[in-house]
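# Descriptive structure summary
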Amino acid sequence: MRIPCPLCGARGNEEFTYLGPAGLARPAPDAPDDAWHAYLHERANPAGSHRELWWHGQGCRAWIVVTRDTRTHRIEAATLARDAEAGP
């Protein structure tokens, strides 16, 4: 899979580290245990378009929000995380 880095151009996915879903909201420090459990352990497994956070560690070291179809791995969009809209 090739990821289109907004700063470096298309690169192989081995240059990147996957963090998880983009827009995941961390609970407040005093949130109840069930909120922390959900944040740490429960994730959706969508079939289709999904926004993900990737780090270009072996390149420009930028955080990138990638919109990818989980069925085909086709990349629909890639933007710098600082420029991406928050949300699922």
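It should be noted that the structure appears before, not after, this text.
Residues numbered from 1 in each chain as written. Predicted model: local features only at pLDDT ≥ 70, side-chain atom pairs only at ≥ 80, totals over all residues. Heavy atoms only, no water.

## What to know about the side chain of D69
Note that D69 resides in strand 5 (residues 63–69). Residue classification places D69 among the buried positions, given a relative accessible area of 10%. Once residues within four sequence positions are removed from consideration, D69 is found in contact with G48, S49, R74 and E76. (Helix = DSSP H or I, 4+ residues; strand = E, 2+ residues; numbered from the N terminus. Buried < 20%, exposed > 50% of the residue type's maximum accessible area, 1.4 Å probe, protein only. Contact = heavy atoms within 4.5 Å.)

## Here's the deal with the packing of aromatic side chains
Summed over all chains, the structure comprises four aromatic pairs. Judged by centre distance (5.3 Å) and plane angle (65 degrees), the ring pair of Y18 and W54 falls under edge-to-face. With Y18 in strand 3 (residues 17–21) and W54 in strand 4 (residues 49–55), this pair connects stretches of sequence that are 36 residues apart. What links up through ring pairs into an aromatic cluster is the set F16, Y18 and W54. The ring of Y39 is capped by R43, whose NZ or CZ atom sits 5.8 Å from the centre of that ring. (Phe/Tyr/Trp six-rings, centres within 6.5 Å; stacked < 30°, edge-to-face > 60°. Lys NZ or Arg CZ within 6 Å of the ring centre and 35° of its normal.)

## Considering unusual backbone geometry
Despite not being glycine, R61 has its phi angle at roughly 65 degrees, a positive value. Inspection of the secondary structure assignment puts R61 in the loop between strand 4 and strand 5. A positive phi angle is found at H73, which is not glycine, with a value near 65 degrees. With relative accessibility at 44%, the residue H73 sits in the partly exposed group.

## Considering the pairing of strand 1 (residues 2–5)
Each regular strand shows side chains that alternate between the opposite faces of the sheet. Along strand 1, the buried face is formed by I3 and C5; none of R2 and P4, which line the opposite face, is buried. The pairing of strand 1 with strand 2 (residues 9–12) spans four bridges and is classified as antiparallel. By the bridge assignment, C5 is partnered in strand 2 with G9. Joining the antiparallel neighbours strand 1 and strand 2 is a turn of three residues. (Pairing = 2+ DSSP bridges.)

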